[in-house]
Amino acid sequence: MTSPSPWLSAVPLETRRLVLRQPTFADVPRIALYAGDFDVARMLVAVPHPYTEAHASAFIGDVLASNLAGDSLALAVARLREPHAAIGMVTFTRDGPTATIGWWFGKPYWGRGFATEAVIAMARLAFTDPSVRTLAAGAFEDNPASLRVHEKVGFIRTGLAPRTSAARGGTVMQVEMALTREAFEALSPAQGGLKGKA
């Protein structure tokens, strides 16, 4: 049995423009709307298309249970001025000294720096666990915007691997990325601090 989450006591997190908080079932319509956009779903591994409110409700139920269990954390991202209106999700799952991080944002919020801001906050939170030494991540080769976010946060490319995209119904090459604790700490003064408890 896993131990209680070492991260939940730091949630919600606030950045300059965003709040990262526990998702709720009130988020279901917006999650279904944004993840149900094929342009979003096609860049993700596990999200099918179409993606319905039933999918989103099951996802939120799973997330709430997993967040309590202790080896993963999935947070809804919202703007500080609209904290109840989710615009995306950011997650990580710990496996030994490595935590795998991922995220998505609704299409209306692309290109505004929200992903970079949220990922920096989530990476900082993951590294508050001293057992986490490395963050792993990936983005499909044809997702240059996500690859740029990885690079801004400090990830380096470690290889290519085929991954199945549920929305596309086929295999896509994914750029594998990694960020060490040391590399993140070297960059973090320039990345700005959190306003929250972490």
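Here's what I pulled together on the structure shown here. Quantities reported herein were computed from a predicted structural model and do not represent experimental measurements.

## What about unusual backbone geometry?
Part 1 of the argument: That bond from Val 11 to Pro 12 is cis: its omega, 10°, falls within 30 degrees of zero.
Part 2 of the argument: Tracing the sequence through the fold places Pro 12 in the segment before β1 (13-14).
Part 3 of the argument: Cis geometry marks the peptide bond from His 49 to Pro 50, where omega comes out at 5°.
Part 4 of the argument: Relative to the helices and strands, Pro 50 is located in the loop between α2 (38-41) and α3 (53-69).

## Digging into the pairing of strand β8 (residues 170-180)
Part 1 of the argument: Bridge count for strand β6 (residues 134-140) against β8 is seven bridges, and the pairing is antiparallel. Of the residues in β8, the one forming a bridge with Thr 134 is Thr 180.
Part 2 of the argument: Direction of pairing for strand β7 (residues 156-165) relative to β8: antiparallel, over a ladder of nine bridges. Looking across to β8, one finds that Leu 160 is bridged to Val 175.
Part 3 of the argument: What sits between the antiparallel neighbours β7 and β8 is a turn of four residues, in which Gly 169 has the positive phi angle 70°.

## A few points about the sheet that holds strand β5 (residues 98-105)
Part 1 of the argument: Judged by pairing direction, the sheet is mixed, and its eight strands sit side by side in the order β1-β2-β3-β4-β5-β6-β8-β7 without closing on themselves. Sheet topology places β1 and β7 at the edges, where each strand pairs with a single neighbour.
Part 2 of the argument: Helix α1 (residues 28-35) contacts β4 (86-95) and β5 of the sheet and is inclined by roughly 85° relative to β4.
Part 3 of the argument: Here helix α4 (residues 114-126) sits on the sheet and contacts β1, β2 (18-21), β3 (72-79), β4, β5 and β6; the angle it forms with β5, its principal contact strand, is near 155°.

## As for α3
Part 1 of the argument: The end-to-end C-alpha distance of α3 is 24 Å, a good match for the 24 Å that 17 residues give at a rise of 1.5 Å each.
Part 2 of the argument: When we look at burial in α3, the residues that qualify are Ala 56, Ile 60, Val 63 and Asn 67. What you see down the axis of α3 is that its buried residues fit within an arc of 65°, all on one side. The exposed set on the far side of α3, more than 90 degrees from its buried face, consists of Ala 54, Asp 62 and Leu 68.
Part 3 of the argument: If you follow the buried residues of α3, they end up packed against α1 and β3.
Part 4 of the argument: Two or three places before Ala 54, at the opening of α3, Thr 52 has a side-chain oxygen 3.3 Å from that residue's backbone nitrogen.
Part 5 of the argument: Within two residues after α3, Gly 70 carries a phi angle of roughly 115°, on the positive side.

Basis of the calculations
- Residues numbered from 1 in each chain as written.
- Predicted model: local features only at pLDDT ≥ 70, side-chain atom pairs only at ≥ 80, totals over all residues.
- Heavy atoms only, no water.
- Helix = DSSP H or I, 4+ residues; strand = E, 2+ residues; numbered from the N terminus.
- Pairing = 2+ DSSP bridges.
- Contact = heavy atoms within 4.5 Å.
- Axes fitted to C-alpha atoms, helices over the stretch in contact; angles between N-to-C directions.
- Expected span 1.5 Å × (residues − 1).
- Buried < 20%, exposed > 50% of the residue type's maximum accessible area, 1.4 Å probe, protein only.
- Arc of directions from axis to C-beta.
- Polar contact = N/O pair within 3.5 Å; in protein donor to acceptor, adjacent residues only side chain to side chain.

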